[in-house]
Structures are given as C-alpha cells and as structure tokens.
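Here's the letter readout for the chains.
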Amino acid sequence: MLYSAPARVTVHKHLDEATTLRILNAFAVDLIAIPSVEDLFWYVAQNVVGQLRFVDCVIYQANQDQTELTQVAALGDKNPYGRNILNPLRIPFGQGITGQVAQSRNAIIVDDLLKDQNYIPDTQPARSEICVPLVSRGRVVGVIDSEHPDPGAFGEAELEVLTTVAAMASAKIELLAEAERSKQRYQDLVKSHAQLSEEITNRKALEAKLFEARKLEAIGRLTGWFAHDFNNLLTVISGNLELLDADITQPLSRAGLNDARTAAGRGAKLIRDMLAFSQRTRLNPQMCDPNRLVTATCDHKNGLLTRPVDLRLTDDPWMIHVDPKVAEDALVNLIVNAQDAMPEGGRLEIATENILHTFSCNQTLAIDLTPGRYLRLSVRDDGEGIPEERLQKIFDPFYTTKPVGAGTGLGLSMVFGFMQQSGGTVEVQSKVANGSTFRLYFPAVTSNGNGLLTKTP
Ligand SMILES: Nc1ncnc2c1ncn2[C@@H]1O[C@H](COP(=O)(O)OP(=O)(O)O)[C@@H](O)[C@H]1O
Ligand SMILES: [Mg+2]
C-alpha cells in the first residue's frame, strides 16, 4: 500500500492538462446550483466517471458519530444505472481502504490490490484503487473512492484531480450546511415570533379584562357612596309623605301626594339597583327552589309579562342559596329587557338547567367562573340583538340605548352586581336580528356544601 502517489504515467493520458482544468472549472460552476448533499454526491460520481474518465466512482458518507461509512452514490461498471443503490455498503471507520482513509483523513493509492490484505474483493475484483477524504469543518463527511481493473492505474495526476474535486465538494457541503443552519434559524425565529405575538395578544386580552374589572369596581364605589347618601334623603322624603297623608283631605292635594309617593318609590328602586350594582345590598340569602322563583316572579309581578312566556324548567333543579327578593328583581330586569327588544312581539323563553362547569369551560364565559355545580337560569328572546361594540358596555351603570324616561341603564348593572355578590356570574350571547340570551349562574347547594370543585394539581 502506498500513502503517497509515485510519479508515473497517468491512465488518463487522453485528458491533457488543459482539458482537465476546463472540466474542473465547469464542475466548480455547476456546484453553485446543486441544491442538496445527496444531489452533490451523485453529481460528483457522475462527473468523475463521465467527464474525468475514471472507470468507476463510489462515494461513502460518514455518520454523525464518525464511526461508519455508508455508500451513497456509485457509478461505473458495478452500478451502471445511477441513482439507485440497492444494498448500500456499510464500512466501519478504520476498516478496509475506505475506512482507513476516513479515519486517517489522508488519501490512499493502492497499486496492486491483490497484494493488499485490507482489500475486500468484489464480484469484479479490481487491481488498483484511489481513495480521498471529504473533510468539512474539521469533520470527515465521507470519502470518494475509485478502482481500476489494471494494477498501478492511479498516479499523482489522478490524486491531484480527485483531491481538487474533494476540496470543491467539501466547500459546497459546508455551504449547504450553512444554508440549512440559517433556514433552521429562520424557522426558529418565525416560531418565536409567533409565540411572542400570541403572548402579546393574551396579555392585551388580560389587560382589557383587568381594566374592565377595575373600571366597574371604581364606578361601583362611587355609585354605592352616592346611593347611600341619596337613600338617607329619600327616607326623610318618604317619611314626611306618610305623615302628610293623614292631614290631606283635598282631592287635588291628594293626587299630588300620590304622584310624590310614586316618584319616591321609583327613586327607591333606583337606589336599590345602584346598591346592588356596587354590591352593597344587604342580602338575606335563603335556600330557594329556582323553578319556584321563576313561576313566582311570573305570577306575582302583575303586568310584567306582556306576552306568553315559554317556560323550560328542569325537572329536578339543584337548590340555590340566594336572596329571593333580589333574585326576583334580577329576573324582572332581564324579562323587561327581553320584551323591550321585541316591540313587535316574539318568543320569550325562561329556562333552568343544572350545569357542571369544568376547568375547560371558562373560555366561553366573559367572567371567570370557579369550576363546580351551578344552576343556570336563562332568559332568551328573539328580538333585535346587541351589536358587538355595545356588548362591552351593557353592564356599565347608566348605559342605556332607550329613550329618556324609558331606561335608567341600571337593570343589567344590578344583575351583574347581584350575581357577583352571590358567588355566580352572568353571561350574554347575542347576535344582531337574532335575539339575545342572558344566563345567570348560581352556585348550586349540594349535600356536601356549595358544590364548587377545587383544582387538584
Ligand atoms: N335582551 C336585550 N336585547 C337587546 N338589547 C338589550 C337587551 N338587554 C339589554 N340590552 C341593551 O343593554 C342596555 C342596558 O340595559 P339595562 O342595563 O337593563 O338598562 P336599560 O334597560 O334601562 O336601558 C339596553 O339599553 C339595551 O341597549
Ligand atoms: Mg333594563
């Protein structure tokens, strides 16, 4: 075995130096357009045989661990069809001529394979062999190997040509690896950009939610303070109206007194709603059957229902622990709104359902709700619906779209405050021209407490 090439007559003497240079030059230009390492290996094999007139050319690729070579491209008598290797040969580093080149990273020329103990004869044994390493960034990427049926077929000229080919191929492999790395970096960047965008969106949604909660809290405090003071004034007015009642006999004065009483009554309702919104209502919770709460409201509130109502009450509702009077007020507010939304008439439906709210249900609710058992009381209409931009405002106190005198804008604020104070929540779903559904979630009372689930880690 020879580790350096002896000077001797080349078997490729029909290729003069100029032609060889021209071929190598064309080879360098072609390399630019080659898109992958696999294509590169086949291109090299094809050109070493087709252009540079070597009898055959086999290319082996090294694995990541630098322990094994695998045949990846071959052209010549043994593989005349190209781009089709049926049983790719695997050679451990250090074994055979190719394995030794991979390990030592030095080219080898063997003059007579019959005298070489490392040679593993093939079906068509060769007599001489040349093998050069492909090295990129200090690692062995593979080897280029060529055999010849005659002994002493390879010399200095072949070594120089094949080493040049290997150097050019190695440079291209480095470029392809760099392109792959920057593609990966770009993909990583795209991925982290998407993650960042998602985080920003989530954060913005969270900030909006927090802002909304803080806003309602601040207005609630102000409203509560105002309602409290105003209530004191109203108590004085109502008390004095009662005292006057006994003294007044004139019919005209009595009519005036009645008007004053009605106005004071309205004022009292306004204050109740404001206190409820600011969660300052003095609640008197009792165990209630929600179905009875619904039927009682519909029966007792004279003149409330202006059209037939479709009651869909569950057979065996869970009990709730609420102030029945305030709960009735909340239901009345929803019924009034539903009927106002259907001036031409329409379908009004009131339903009760037992709901098991799980950890994964929260995204459909405007307000976070502790997972657990709830009694859901829904009021549905098929009226005008609420446009998206209004949905954000309807729970704000004094927000109304109704004409002056027709609405106070406190109905839904009262419902919101009361539901918060009762440990539940209110949810709305609406579509313009398709009606609205308001759902009240009351924590259900079960045999083992309030039915709320605790999160297990
Ligand atoms: N069922 C409904 N259909 C359509 N719009 C509704 C409905 N309920 C409430 N709204 C809208 O929400 C606003 C606020 O309601 P609310 O707080 O009860 O005050 P008010 O009824 O005095 O206007 C209403 O003015 C209306 O625009
Ligand atoms: Mg209302």
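Residues numbered from 1 in each chain as written. Chains lettered and ligands numbered in written order. Predicted model: local features only at pLDDT ≥ 70, side-chain atom pairs only at ≥ 80, totals over all residues.

Q: Looking at this model, I keep getting lost on the overall build of the protein. Mind explaining?
A: Assigned secondary structure in the protein consists of nine helices and 13 strands. Since a compact globule built from 457 residues should have a radius of gyration of about 23 Å, the 45 Å found for the protein marks it as more spread out than a globular shape. Judged by the C-alpha coordinates and their principal axes, the protein covers about 145 × 45 × 40 Å. The buried share of the protein, reckoned over its 457 residues, is 29%. Of the contacts formed within the protein by residues at least 6 apart in sequence, a portion of 67% connects residues at least 24 apart. (Helix = DSSP H or I, 4+ residues; strand = E, 2+ residues; numbered from the N terminus. Rg over C-alpha atoms; globule rule 2.2 N^0.38 Å. Buried ≥ 20, exposed ≤ 12 C-beta atoms within 10 Å, placed from the backbone. Contact = placed C-beta atoms within 7 Å.)

Q: What am I meant to see in the pairing of strand E1 (residues 56-62) here?
A: By the criterion of burial, E1 is predominantly enclosed, with seven of the seven residues buried. Neither face of E1 is exposed, since Asp 56, Val 58, Tyr 60 and Ala 62 on one face and Cys 57, Ile 59 and Gln 61 on the opposite face are all buried. Alignment of E1 against strand E2 (residues 68-76), held across seven bridges, turns out to be antiparallel. Note that in E2 the partner of Ala 62 across the bridge is Leu 69. Linking E1 to E2, which pair antiparallel, is a turn of five residues; within it Gln 66 sits at a positive phi near 60 degrees. As paired elements, E1 and strand E6 (residues 139-148) share four bridges and run antiparallel to each other. What sits directly across from Val 58, in E6, is Asp 145. (Pairing = 2+ DSSP bridges.)

Q: Help me out: how do you make sense of the domain arrangement of the protein in this one?
A: When the parts of a complex come together, some accessible area is lost, and that lost area is often used as the size of the interface. Each assigned domain of the protein is listed with its residue range as follows: domain 1 (17-183) and domain 2 (281-445). Placing the centre of domain 1 and that of domain 2 at their C-alpha centroids yields a distance of 80 Å. (Domains from an automatic or database assignment.)

Q: I'm lost on the nonpolar core in this one. Help?
A: Core analysis: the largest hydrophobic core is formed by 43 residues, its most contacted members being Val 44, Ala 45, Val 48, Cys 57, Ile 59, Val 143 and Ile 144. When contributions to this core are tallied by element, the ones reaching two or more residues are helix H2 (37-50), E1, E2, helix H3 (96-104), strand E4 (108-110), strand E5 (128-136), E6 and helix H4 (156-247). Aside from chain neighbours lying at most four places away, what touches Val 48 is Phe 54, Cys 57, Ile 144, Ser 146 and Val 165. Trp 318, Ile 320, Ala 330 and Val 415 belong to the second largest nonpolar core, which has 42 residues in total. (Core = buried A, V, L, I, M, F, W, Y, C linked by C-beta atoms within 7 Å.)

Q: Is there a simple way to think about the site of ligand 1 in this case?
A: Taken together, the neighbourhood of ligand 1 is formed by 21 residues, with Asn 337, Ala 341, Thr 400, Gly 407 and Gly 411 sitting nearest. Only helix H7 (324-340) and helix H9 (411-421) provide two or more residues apiece to the shell around ligand 1. Residue composition of the shell around ligand 1, grouped by class: seven nonpolar, 11 polar and three charged. (Near = placed C-beta within 6 Å. Nonpolar A, V, L, I, M, F, W, Y, C, P; charged D, E, K, R; others polar.)

Q: Would you mind showing me how to read the packing of helix H5 (residues 251-277) against H9 here?
A: For any two helices packed against each other, one specifies the crossing angle of their axes together with the interaxial distance. Viewed as axis vectors pointing N to C, H5 and H9 meet at an angle of 45 degrees, and their least axial separation amounts to 7 Å. Between H5 and H9, the interaxial angle falls into the category oblique. Along this stretch, H5 crosses H9, giving a crossing that reads as left-handed. Each of Asp 273, Ala 276 and Phe 277 in H5 lies in contact with H9, whose residues at this interface are Ser 413, Met 414, Phe 416, Gly 417 and Phe 418. (Axes fitted to C-alpha atoms, helices over the stretch in contact; angles between N-to-C directions. Parallel < 35°, antiparallel > 145°, perpendicular 65-115°, else oblique. Left-handed = near helix turned anticlockwise from the far one by under 90°.)

Q: What's the story with unusual backbone geometry in this structure? I'm lost.
A: Of all residues except glycine, most have a negative phi; of all peptide bonds, most are trans. The backbone of Arg 53 sits at a positive phi, close to 65 degrees, despite the residue not being glycine. Looking at the secondary structure, you find Arg 53 in the loop between H2 and E1. Residue Arg 53 is classed as partly exposed on the basis of its C-beta count, with 14 C-beta atoms lying within 10 Å.

Q: Help me understand the sheet that holds E2, please; the structure alone is not making it clear to me.
A: Sheet strands pair via backbone hydrogen bonds, and the direction of the pair is either parallel or antiparallel. The strand order across the open sheet formed by six strands is E3-E2-E1-E6-E5-E4, and the pairing between neighbours is antiparallel. At either end of the open sheet lies a strand with only one pairing partner, and these are strand E3 (90-92) and E4. Taking the axes of each pair of neighbouring strands and ignoring which way they run, one obtains an average angle of 25 degrees across the sheet. Against the sheet, H2 makes contact with E1, E2 and E6, and its axis sits at roughly 45 degrees relative to E2, the strand it touches most. Here H3 sits on the sheet in contact with E1, E2, E3, E4, E5 and E6, set at roughly 30 degrees to E5.

Q: Would you mind showing me how to read the packing of helix H1 (residues 17-33) against H4 here?
A: Their axes nearest at 10 Å, the elements H1 and H4 cross at an angle of 10 degrees. Between H1 and H4, the angle falls in the class roughly parallel. Two secondary-structure elements touch here, H1 through Thr 20, Leu 24, Phe 27, Ala 28 and Leu 31 and H4 through Val 161, Thr 164, Val 165, Met 168 and Lys 172. Grouping the constituent residues of the contact of H1 with H4 by class yields seven nonpolar, two polar and one charged.

Q: In this structure, what is going on with H4? I would like to understand it.
A: In an α-helix, one turn spans 3.6 residues; hence positions three or four apart end up facing the same way. The end-to-end C-alpha distance of H4, which contains 92 residues, comes to 134 Å, matching closely the 136 Å that a straight helix rising 1.5 Å per residue would cover. Residues of H4 that are buried include every one of Glu 158, Val 161, Leu 162, Val 165, Ala 166, Ala 169, Lys 172, Ile 173, Leu 216, Gly 220, Thr 223 and Ala 227, and no others. (Expected span 1.5 Å × (residues − 1).)

Q: Please explain the pairing of strand E13 (residues 435-445) as it appears in this structure.
A: Looking along a regular strand, one sees side chains alternate from face to face of the sheet. Of all 11 residues in E13, nine are buried; the element is thus mostly enclosed. Of the strand pairs in this sheet, strand E9 (residues 319-322) and E13 are connected by two bridges, and their pairing is antiparallel. Opposite Ile 320, over in E13, you have Ala 444 as the bridge partner. Relative to E13, strand E11 (residues 372-381) is paired through eight bridges, and the arrangement is antiparallel. Opposite Arg 376, over in E13, you have Tyr 441 as the bridge partner. The turn joining strand E12 (residues 425-431) and E13, which pair antiparallel and follow one another in sequence, is formed by three residues; a positive phi near 70 degrees is taken by Ala 433.

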